[in-house]
Amino acid sequence: MRLQSASRKILGGLGLRVVREAEFDASIRAEARRLQLSELAYDSTRDGSLAAEEYALLEQLVAESNALDGPLIEIGTLFGRTTSKMALWKSAAKTIFTLDNYAWNPWKLTPQMHFQLTSLVLQYLTDTGQVVQVRADKDEWMSQYHERPPALVFCDADHSYEATARDIRLAREAGARIVCGHDYSPEHPGVIRAVEENGGCAQLAGTLWRLRDR
Ligand SMILES: C[S@@+](CC[C@H](N)C(=O)[O-])C[C@H]1O[C@@H](n2cnc3c(N)ncnc32)[C@H](O)[C@@H]1O
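What you see is a predicted model; the values in this text were computed from it and never measured.

What follows is about the overall build of the protein chain. Looking only at helices and strands, one finds 9 helices and 7 strands in the protein chain. Looking at the protein chain as a whole, 33% of its 214 residues qualify as buried. Long-range pairs, those at least 24 residues apart, make up 67% of the contacts in the protein chain with a sequence separation of at least 6.

So, in structure tokens, the structure goes:
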């Protein structure tokens, strides 16, 4: 007994703690239970990406844009999930510019960690030239865009009224043929107002909107 407490003291002095194997196993089991529960409660829309029916409409819009000139622009990369989907659906000749300032992510990563993680996710696509990962403020980058008019602009960054109206204006000024975006829903009244003031929805699936042509 004395030997045990002496060894505990020595290890404690080194900043170490003895944990019985049984206690360790129990804590792993408790953690697994917690994770399982949080997974059950997990809402797939909470990661900032799109739901299945929204991806179905986006796939159709990308297919349509394959017949048009110009690149695709995604405003709001997050972790590159939708970028990767769009890369899968686009024709080989098309480039996707995906913009983010890495100011927000649901996992509370620092902007630099967020950027680096997304760079890793997109590495194959950027190395093969299919995607250009742009780290910039969307308004600055879009207002200086002077390349070929984009076939499609997908707005999915800031969902306030002002930001959405600006995204639509800058997309149109760049000559975008298809303008679409995410989060046309009562939780984002600013998106609804900006879309309605600019012609309304030509198509809507879930909260994915396609702007009516002018
Ligand atoms: C909802 S997430 C994008 C989700 C992504 N399109 C997807 O489907 O997986 C919004 C992203 O917009 C970015 N963002 C917000 N304001 C921005 C700005 N002013 N310029 C560039 N990116 C911005 C955030 O950092 C965040 O990564």
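Glancing now at the pairing of strand E4 (residues 152-155). Neither face of E4 is left uncovered, since the one carrying Leu-152 and Phe-154 and the one carrying Val-153 and Cys-155 both have all their residues buried. One ladder, built from 4 bridges, connects strand E1 (residues 72-75) with E4; its direction is parallel. Its bridge partner lying in E4, Glu-74 is registered against Phe-154. Here E4 pairs with strand E5 (residues 178-181) via 4 bridges, running parallel. Looking at E5, one finds that Phe-154 is bridged to Cys-180. Of the crossover connections in this fold, the one passing from E4 over helix H8 (residues 161-173) to the parallel E5 is right-handed.

The next thing to look at is the environment of Gly-80. Tracing the backbone through its elements, the reader meets Gly-80 in the loop between E1 and helix H4 (81-89). Expressed as a C-alpha distance, the spacing of Gly-80 and Thr-118, which sit 38 residues apart in the sequence, is 6.1 Å. For Gly-80, the contacting residues outside a window of four places in its chain are Thr-118, Val-121 and Leu-122.

Around the ligand, the surrounding shell holds 21 residues, and the nearest of these are Gly-76, Leu-78, Thr-82, Lys-138 and Ala-157. Its residues placed into classes, the shell around the ligand shows 7 nonpolar, 7 polar and 7 charged.

Another point: the sheet that holds E5. Strand order in the open sheet formed by 7 strands is E3-E2-E1-E4-E5-E7-E6, and the pairing between neighbours is mixed. For this open sheet the edge positions go to strand E3 (131-135) and strand E6 (201-205), each flanked by a neighbour on one side alone. In this sheet, adjacent strand axes meet at a mean angle of 15° when their direction is disregarded. Pairing geometry for E5 and strand E7 (residues 208-211), over 2 bridges, is antiparallel. The partner of Gly-181 across the bridge, within E7, is Trp-209. Against the sheet, helix H3 (residues 52-65) makes contact with E1, E4, E5, E6 and E7, and its axis sits at roughly 135° relative to E6, the strand it touches most.

General note: in soluble globular proteins, nonpolar side chains tend to be found buried as a group. Residues Leu-152, Val-153, Val-179 and Cys-180 are the most contacted members of the largest nonpolar core, which totals 39 residues. Contact partners of Cys-180, with chain neighbours within four places excluded, come to Leu-61, Leu-152, Phe-154, Leu-208, Trp-209, Arg-210 and Leu-211.

Attention now goes to helix H9 (residues 189-197). Three or more residues of H9 are buried, namely Val-191, Ile-192, Ala-194 and Val-195. At the exit of H9 stands Gly-199, carrying a positive phi of roughly 120°.

Turning to the packing of H8 against H9, a few remarks are in order. Relative to each other, H8 and H9 sit at 35°, their axes nearing to 8 Å. Pair H8 / H9 crosses with right-handed handedness. Facing H8, whose interface residues are Tyr-161, Thr-164, Ala-165 and Ile-168, H9 presents Gly-190, Val-191, Arg-193, Ala-194 and Glu-197. Looking at the contact of H8 with H9 residue by residue, the classes come out as 5 nonpolar, 2 polar and 2 charged.

Interhelical geometry of H3 versus H4 gives an angle of 45° and a closest axis separation of 9 Å. On the basis of their axis angle, the class for H3 and H4 is oblique. Seen along the crossing, H3 lies across H4 with a hand that is right-handed. For the pair H3 and H4, the contacting residues are Tyr-55, Glu-59, Val-62 and Ala-63 in the first and Lys-85, Met-86 and Trp-89 in the second. Residue composition of the contact of H3 with H4, grouped by class: 5 nonpolar, no polar and 2 charged.

Reading guide: rules and limits
- For every chain, the first residue of its written sequence is number 1, and the numbers climb from 1 along that sequence.
- Given that the model is predicted, a residue must reach a pLDDT of at least 70 before its local features are reported, and side-chain atom pairs must reach 80 or more before they are shown or counted; all residues, however, enter totals for whole chains, interfaces and linings.
- Here a helix means four or more residues in a row that DSSP labels H or I, a strand means two or more in a row labelled E, and each is numbered from the N terminus.
- Every C-beta atom is placed from the backbone, and the number of other C-beta atoms within 10 Å of a residue's own sets its class: buried at 20 or more, exposed at 12 or fewer, partly exposed in between.
- In this description, a residue-residue contact is defined by the distance between C-beta atoms placed from the backbone, which must lie within 7 Å.
- A strand pair is defined by DSSP finding two or more bridges across the two strands.
- Throughout, right-handed denotes a crossover for which the path from the first strand over the helix to the second runs clockwise when the strands point away from the viewer.
- To decide nearness, the C-beta atom of each residue is placed from the backbone, and the residue is near a molecule or strand if that atom lies within 6 Å of it.
- Amino acids outside the nonpolar list (Ala, Val, Leu, Ile, Met, Phe, Trp, Tyr, Cys, Pro) and the charged list (Asp, Glu, Lys, Arg) are all regarded as polar, and Gly is one of them.
- Note on geometry: axes are C-alpha line fits, over the in-contact stretch for helices, and angles between N-to-C directions span 0 to 180 degrees.
- The term nonpolar core refers to a set of buried Ala, Val, Leu, Ile, Met, Phe, Trp, Tyr and Cys residues connected through C-beta atoms within 7 Å.
- Handedness of each helix crossing follows the sense of rotation of the near helix against the far helix: counterclockwise by less than a right angle gives left-handed, clockwise gives right-handed.
- Orientation is classified from the angle alone, with under 35 degrees giving roughly parallel, over 145 giving roughly antiparallel, 65 to 115 giving roughly perpendicular, and any other angle giving oblique.

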